[in-house]
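Each chain, written out:
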Amino acid sequence: TGTIVQTGATETVLLSGTTTSASVTGTETVSGTASATTVNSGGVQTIVSGGSATGTKVSVGGTETVSGTTTSASVSGTENI
């Protein structure tokens, strides 16, 4: 909860894992569940097949790539589905 993923850092959310309110400037890979993540400029969130994200905010310069599911995203940056 409230994890800060700085530039150059990586957070991996495993299949049974959950993260809430992370702030990502580095890289976050989600196989489990992510909610209320903020992807900042330069940050990358990847939702792999089977993973899910809810309420992601993608700021200008941030990127969300989705092979799983995403709901209620707010995107000012880039979202690849």
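Just above, that's the structure.
Residues numbered from 1 in each chain as written. Predicted model: local features only at pLDDT ≥ 70, side-chain atom pairs only at ≥ 80, totals over all residues. Heavy atoms only, no water.

A look at unusual backbone geometry
No. 1: Although it is not a glycine, S21 sits at a positive phi angle of roughly 60°.
No. 2: Within the fold, S21 resides in the loop between β3 (18–20) and β4 (23–24).
No. 3: With a phi angle near 55°, S72 is a residue other than glycine that sits in the positive phi range.
No. 4: Along the chain, the position of S72 falls in the loop between β12 (69–71) and β13 (74–75).
No. 5: Exposure remark for S72: the relative accessible area of 63% places this residue in the exposed category. (Helix = DSSP H or I, 4+ residues; strand = E, 2+ residues; numbered from the N terminus. Buried < 20%, exposed > 50% of the residue type's maximum accessible area, 1.4 Å probe, protein only.)

Structural notes on the nonpolar core
No. 1: Membership of the largest hydrophobic core is limited to six residues, which are V13, V30, A34, I47, A53 and V66.
No. 2: Apart from residues no more than four positions distant in its own chain, A53 is found in contact with A34, Q45, I47, E64, T69, T70 and T71. (Core = buried A, V, L, I, M, F, W, Y, C linked by side-chain atoms within 4.5 Å. Contact = heavy atoms within 4.5 Å.)

Section: the sheet that holds strand β6 (residues 33–35)
No. 1: The parallel open sheet is built from four strands, whose spatial order is β3-β6-β9-β12. For this open sheet the edge positions go to β3 and β12, each flanked by a neighbour on one side alone. Between one strand axis and the next, the sheet turns by 10° as a mean value, whatever way the strands run. (Pairing = 2+ DSSP bridges. Axes fitted to C-alpha atoms, helices over the stretch in contact; angles between N-to-C directions.)

As for the environment of A9
No. 1: Structurally, A9 can be placed in the loop between β1 (4–5) and β2 (10–13).
No. 2: Between the C-alpha atom of A9 and that of T27, which follows or precedes it by 18 residues, the distance is 6.3 Å.
No. 3: Setting aside its immediate chain neighbours within four residues, A9 contacts G26 and T27.

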